[in-house]
Amino acid sequence: AEWRKRGWGCGQLQSENEYISTVPTETALRILRRYAQCFDTTFREDLATLCITRYERFGEAASLLLQLLNNEQPDGNSSGGGAFLSPNGTTRHELWLRFADVCTAHPMEAKVAGVDFDGIIRAVLKGQDIRSGGSGIAAGGNDLGFEVFDNTSKAFGASEDDKQQQTKEANNKSQAVNHRLGEMEGTLWTRLAEYHVRAGDFELARSVYEEALDAITRVRDFSLVFDAYVRFEEGVIEALMELMEDEDEEGGEDEMKDDKGESMGDENDDLDILLGDHVNNAVAADENAGASADVELAISRAEHLTSRRPLLLNRVLLRQNPHNVGEWIKRSELYNDLGEVGMAAAALEESLKAVSSRKAVNGSPSTLVLTLVDIYENQQKNVDAARNLLERICSKNEYEFQDSEDLAQCHAAWVELELRQENWDMSLELARRAVSGNIGRKGSKAARGLSRSLRLWNLLFDMEESLGTIQTTKDAYDRALEWKVATPSHVLNYASFLKEKKYFEESFAAFERGLGLFQFPHAGATLLWKNYLTDFLERYGGTKTPRARELFDRCLAECPSENASEFYLLYGDYEENHGLTKRALGVYERMCNAVPAAEKYTAYRLYIAKAIQYLGVTSARPIYEAAISTLGDGPASRICLEYAKMETGLRETDRARAVLVYGAQLADPRRDPDYWKAWHEFEVSHGNEETFREMLRVKRSVQAAFSTVNYNSAEMGAGAPKVETLTEESALEMIAKSEGVEVDSKKQPLIGGFVQGKRKAEVADLGEVERRAARLRQATAAPDTGGDEIDIDDIDDDEEEEEEPSNSAARSTTGVTEKAIPAALYGGAALYGGLAPSTEK
């Protein structure tokens, strides 16, 4: 009491060695027990610590820790205030570990103190209640923990009265241990096994380890228990080996003593003669053989335990989730690797009872059945067992599948099994029965869905074509079409089968039925129509033209525009070969109007090519014009180039130039340099200076029109080869050279983009223009004016120009300068209207 009043705890008690050493152990314990019972019940934790660390009363420490775990008062009454709250901050988990450590390290003291550690741990692990004199589930038990009752209140060194009182209280009151296991399951199992090991019960410890491996559900706990189990077996082997070495050393010492005692009396010699040395040798040999057998047994146990690790771990995972299909398959493979085929089959049979199809994960339940069938058939060579299994699954519905596809796989496996056994009629009957719709009409949902399983229908069609007759095959396909379970591939196979059997009209009827099921825009409709038309044309060619045209028209009326091009091409080719040219061109014209915008350019080019082929070049002009008005800017500009090329080939230069001028407004020079390069080459080859300047003017206007439009690098054709075009100066030099005119490059305009009206290259100023105009008037006044062109260069360049002095002189008045206006500025009016140059201020 004085210690507690001074605020001394367990640490202070342990540090006061000089004072405590003077107090006898029994006296100190009685004082501490009385204080913990009458004054401060929380002192029991410090008392338990003292019993462990100082007084070595391990049994009493275990009893005190058990009281704390039960939260039992020293008078035997359990407090109703919940779990024990340690003043030192010790958690319940730490109390459990301390209790397990004490009982494991000192099992005999715990037993003497009345602590049934084995019963307590098993009750906690299995959720049972152990009472004094029996076992059963406590009336007040709940799902939050486990209640353990036992006589654990026996005190060490207590007086007789205290012992009698404690025994009476233990008989009247039960002690309970409530604990939520959590991650302590593996730890408790290992401590229980170690408890028996230290007690000397090795076989019992081994059984505890095996029981733990069969009970735990966490991989972490499995690792703890398995590692402890392996260490235990290794310890047994080491102990046996050391024991053998000690025996060998003792045997050597005995032999040495026997050699030294050879000079013993005659009585010993006579005894050896009578008994013989073989008796002693036999006893020693038996002892050595027994020790060797024990070592070999221990080694074999350790090896067997190591080899079982994958199976034991797989079992833990299956206890976590028994509906894990992948783990069941892995378990069977592990047994197969060990050569235990029977255990593999038994594991799969167990899986069919444990796995629910609604909760199955990591695989489909049908995989279990198929794997088990493979084991029966290929490994055990027991076809009857495989057939019996499939019959139980497919016919008797012993396993309820959630998905009809799983059950369909089992039916298909049964059919394939009979095929491998060459039971042709049986396999065909099974396939017909699987899709008949009679199986499972009163059964599960999966069985009712077998009649719509594509797997089973495909199997039936293959078997009917191989093993059945023509009529049974036709019946199977007709039934599939009637029930609307057929696919476009089934229709194609049906039509191909009838075609091979020379039933052409029935094959066309099959196509018609398929087209009734799969209409546009279904993807299968395109495939069916294409094969239908191909087979029809292959069969009849041009003999049934009206019927063929009716099929084409019906197809094109239903077909969407994105899929119509191939049918138009097929139709046009048919009309070219078996019909009229006019109808063929009409088909191509319809194609140009029906196909999507992305395909119109190709369609028009084909239409133009066909028109030129059958009607001539000039017949393509209206088609070109229609294409230019219909297509977008890019395709229309390309069509303009082709149109201009055609007109150039016909020597229609003016028409070609007009087409190029019209198409120029559609071609942005930044995005379509090829168009302007082609026009440039055209003007160089067929134009003159005036037309070339007009082309440049149009180009500048188009550039100005497209100047506000922005493009990204992809639209601008990034990475395309750069087209080099002639500059204005180089083009003028080329034209002047071709016309024999000398050009002074220094006299050309320095500002790019401006063109000098309609003057020649050698015209440098307005005076030169006036002289040219005078020579032009003289030339036009000549009687012979019927020429197509006026060659200005043929006029004498040395002719002097007449100028009026009054017009050429510059006069200055008050701030105003007067100058004669050149006659060239009046143009044709000066020539034909009689207008003379005048002076203008």
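Conventions adopted
Residues numbered from 1 in each chain as written. Predicted model: local features only at pLDDT ≥ 70, side-chain atom pairs only at ≥ 80, totals over all residues. Heavy atoms only, no water. Helix = DSSP H or I, 4+ residues; strand = E, 2+ residues; numbered from the N terminus. Buried < 20%, exposed > 50% of the residue type's maximum accessible area, 1.4 Å probe, protein only. Contact = heavy atoms within 4.5 Å. Areas by Shrake-Rupley, 256 points an atom, 1.4 Å probe, with all protein chains shown as cover. Disulfide = S-S within 2.5 Å. Expected span 1.5 Å × (residues − 1). Patch = residues over 30% accessible without salt bridge, like charges linked within 9 Å, V, L, I, M, F, W, Y side chains within 5 Å. Salt bridge = Lys/Arg side-chain N within 4 Å of Asp/Glu carboxyl O. Lys, Arg positive; Asp, Glu negative; His and termini not counted. Charge placed at Lys NZ, Arg CZ, Asp CG, Glu CD. Polar contact = N/O pair within 3.5 Å; in protein donor to acceptor, adjacent residues only side chain to side chain. Core = buried A, V, L, I, M, F, W, Y, C linked by side-chain atoms within 4.5 Å. Phe/Tyr/Trp six-rings, centres within 6.5 Å; stacked < 30°, edge-to-face > 60°. Lys NZ or Arg CZ within 6 Å of the ring centre and 35° of its normal. Axes fitted to C-alpha atoms, helices over the stretch in contact; angles between N-to-C directions. Parallel < 35°, antiparallel > 145°, perpendicular 65-115°, else oblique. Left-handed = near helix turned anticlockwise from the far one by under 90°. pLDDT = per-residue confidence, 0-100. Nonpolar A, V, L, I, M, F, W, Y, C, P; charged D, E, K, R; others polar.

### What about the overall build of the chain?
No. 1: Each helix and strand counted, the chain has 41 helices and five strands in total.
No. 2: Put simply, the chain has 841 residues, and 39% of those count as buried.
No. 3: Restricting the contact set of the chain to residue pairs at least 6 apart, pairs at least 24 apart contribute 59%.
No. 4: Within the structure as shown, the chain displays about 46800 Å² of accessible surface, and the carbon and sulfur contribution to it stands at 49%.

### Observations regarding unusual backbone geometry
No. 1: Along the chain, Phe 520 connects to Pro 521 via a cis peptide bond; the corresponding omega equals 10°.
No. 2: Here Pro 521 lies in the loop between helix 27 (504-517) and helix 28 (523-540).
No. 3: Positive phi, normally seen in glycine, also occurs at Asn 362, with a value near 60°.
No. 4: Positionally, Asn 362 belongs in the loop between helix 18 (341-354) and helix 19 (365-379).
No. 5: The phi dihedral of Glu 422 is positive, around 60°, even though this residue is not glycine.
No. 6: In this structure, Glu 422 sits in the loop between helix 21 (404-420) and helix 22 (424-434).

### Considering the state of the cysteines
No. 1: On inspection of all chains with the given rule, the structure shows zero disulfides.
No. 2: Distance from the sulfur of Cys 410, which forms no disulfide, to the nearest cysteine sulfur (Cys 394) is 5.3 Å.
No. 3: Judged by its relative accessible area of 0%, Cys 410 is buried.

### Quick word on helix 7 (residues 92-105)
Side chains that are three or four residues apart share a direction in an α-helix, a result of its 3.6 residues per turn.
No. 1: Compared with an ideal rise of 1.5 Å per residue, which puts 14 residues at 20 Å, helix 7 spans 20 Å between its outermost C-alpha atoms and is within 8% of the ideal.
No. 2: Buried within helix 7 we find Leu 95, Trp 96, Phe 99, Ala 100, Val 102, Cys 103 and Thr 104.
No. 3: Close packing links the buried residues of helix 7 with helix 5 (44-53), helix 6 (58-70), helix 8 (107-112), helix 9 (117-126) and helix 11 (185-198).

### Here we look at a negative patch on the surface
No. 1: Side chains of Glu 234, Glu 238, Glu 242, Glu 245, Asp 246, Glu 247 and Glu 249 sit close together on the surface and give a patch of like negative charge.
No. 2: When you line up the elements, Glu 238 lands in helix 13 (residues 219-260).

### A word on the environment of Gly 437
No. 1: Mapped onto the fold, Gly 437 is located in the loop between helix 22 and helix 23 (445-448).
No. 2: Among the residues examined, Gly 437 registers a relative accessible area of 29% and is labelled partly exposed.
No. 3: Placed 14 residues apart in sequence, Gly 437 and Ser 451 show a C-alpha to C-alpha distance of 5.1 Å.

### Focus: the environment of Asp 633
No. 1: On the secondary structure map, Asp 633 appears in helix 34 (residues 633-649).
No. 2: Residue classification places Asp 633 among the partly exposed positions, given a relative accessible area of 46%.
No. 3: Distance from Asp 633 to Ala 667, taken between C-alpha atoms, is 7.0 Å for residues 34 residues apart in sequence.

### Thoughts on helix 37 (residues 689-705)
No. 1: End to end, helix 37 covers 24 Å across 17 residues, agreeing with the expected 24 Å (1.5 Å per residue, within 8%).
No. 2: For helix 37, every residue scored as buried is listed here: Glu 689, Thr 691, Phe 692, Arg 693, Met 695, Leu 696, Val 698 and Val 702.
No. 3: The opening residue of helix 37, the one whose side-chain oxygen lies 3.1 Å from the backbone nitrogen of Glu 690, is Asn 688.

### Some thoughts on the nonpolar core
No. 1: If you look at the biggest cluster of nonpolar residues, it comprises 126 residues, and the most contacted ones within it are Val 369, Trp 529 and Trp 679.
No. 2: In this structure, Ala 62, Ala 110, Ile 120 and Ile 237 belong to the second largest nonpolar core, which totals 57 residues.

### Focus on the packing of aromatic side chains
Here a ring pair, both rings aromatic, is described through the centre-centre distance and the interplanar angle of the planes.
No. 1: In the structure shown here, the tally under the stated rule is 23 aromatic pairs.
No. 2: Geometrically, the ring pair formed by Trp 96 and Phe 99 is edge-to-face, given 6.0 Å between the ring centres and 75° between the ring planes. Within this pair, Trp 96 and its partner Phe 99 are both found in helix 7, separated by three residues, close to a single helical turn. No difference in accessibility class separates Trp 96 from Phe 99, as the two residues are buried.
No. 3: Measuring from ring centre to ring centre gives 5.9 Å for Phe 99 and Phe 117, while their planes differ by 55°; the resulting arrangement is tilted. Highlighted residues: Phe 99 in helix 7 and Phe 117 in helix 9, separated in sequence by 18 residues. By the burial criterion, Phe 99 is buried, and Phe 117 matches it.
No. 4: Linked through ring pairs, Phe 508, Phe 511, Trp 529, Tyr 532, Phe 536 and Tyr 540 together constitute an aromatic cluster.
No. 5: Over the ring of Phe 226 we find Arg 309; its NZ or CZ atom is 5.4 Å from the centre of that ring.

### Some thoughts on the environment of Thr 190
No. 1: Residue position: Thr 190 is located in helix 11.
No. 2: Here Thr 190 falls in the buried class, since its relative accessible area comes to 14%.
No. 3: Linking Thr 190 and Thr 104, residues 86 residues apart in sequence, is a C-alpha distance of 9.8 Å.
No. 4: Excluding its chain neighbours within four sequence positions, the residues that come into contact with Thr 190 are Leu 224, Val 225 and Ala 228.
No. 5: Among the polar contacts listed, one links the side chain of Thr 190 to the backbone oxygen of Thr 187, at a separation of 2.6 Å.

### Brief notes about the pattern of salt bridges
Between side chains of opposite charge, a pair can form when the charged atoms approach closely.
No. 1: Summed over all chains, the structure comprises 40 salt bridges.
No. 2: The salt bridge involving Arg 220 is made with Asp 221; its shortest N-O contact spans 3.4 Å.
No. 3: Relative accessible area serves as the criterion here: at 45%, Arg 220 is assigned to the partly exposed category.
No. 4: For Arg 387, the salt bridge identified is with Glu 418, shortest N-O distance 2.8 Å. Here Arg 387, found in helix 20 (residues 383-394), pairs with Glu 418, found in helix 21; they are 31 residues apart in sequence, far enough to count as distant.

### Quick word on the packing of helix 25 (residues 470-482) against helix 27
No. 1: Packing of helix 25 against helix 27 leaves a shortest axis separation of 11 Å and a crossing angle of 20°. When the axis of helix 25 is compared with that of helix 27, the two are roughly parallel. Considering how the two elements wind past one another, helix 25 and helix 27 form a crossing that is left-handed. Contacts between helix 25 and helix 27 involve Lys 474, Asp 478, Leu 481 and Glu 482 on the former and, on the latter, Glu 506, Arg 513 and Leu 517.

### Comments concerning the confidence of the model for the chain
No. 1: Taken residue by residue, the chain gives an average pLDDT of 76. The fraction at 70 or more is 68%.
No. 2: Least confident of the elements in the chain is strand 2 (residues 134-136), whose mean pLDDT is 34; most confident is helix 26 (residues 488-500), at 96.

### Remarks on the packing of helix 21 against helix 24 (residues 454-467)
When two helices pack together, their arrangement is captured by the angle between the axes and the distance separating the axes.
No. 1: Helix 24 packs onto helix 21 with a crossing angle of 25° between their chain directions and a minimal axis gap of 9 Å. Relative to helix 24, the element helix 21 is oriented roughly parallel. Seen from above, helix 21 lies across helix 24 with left-handed handedness. Facing helix 21, whose interface residues are Glu 405, Ala 408, Gln 409, His 411, Ala 412, Val 415 and Leu 419, helix 24 presents Arg 455, Leu 456, Leu 459, Met 463 and Leu 467.
No. 2: For the contact of helix 21 with helix 24, the residue count by class is eight nonpolar, two polar and two charged.

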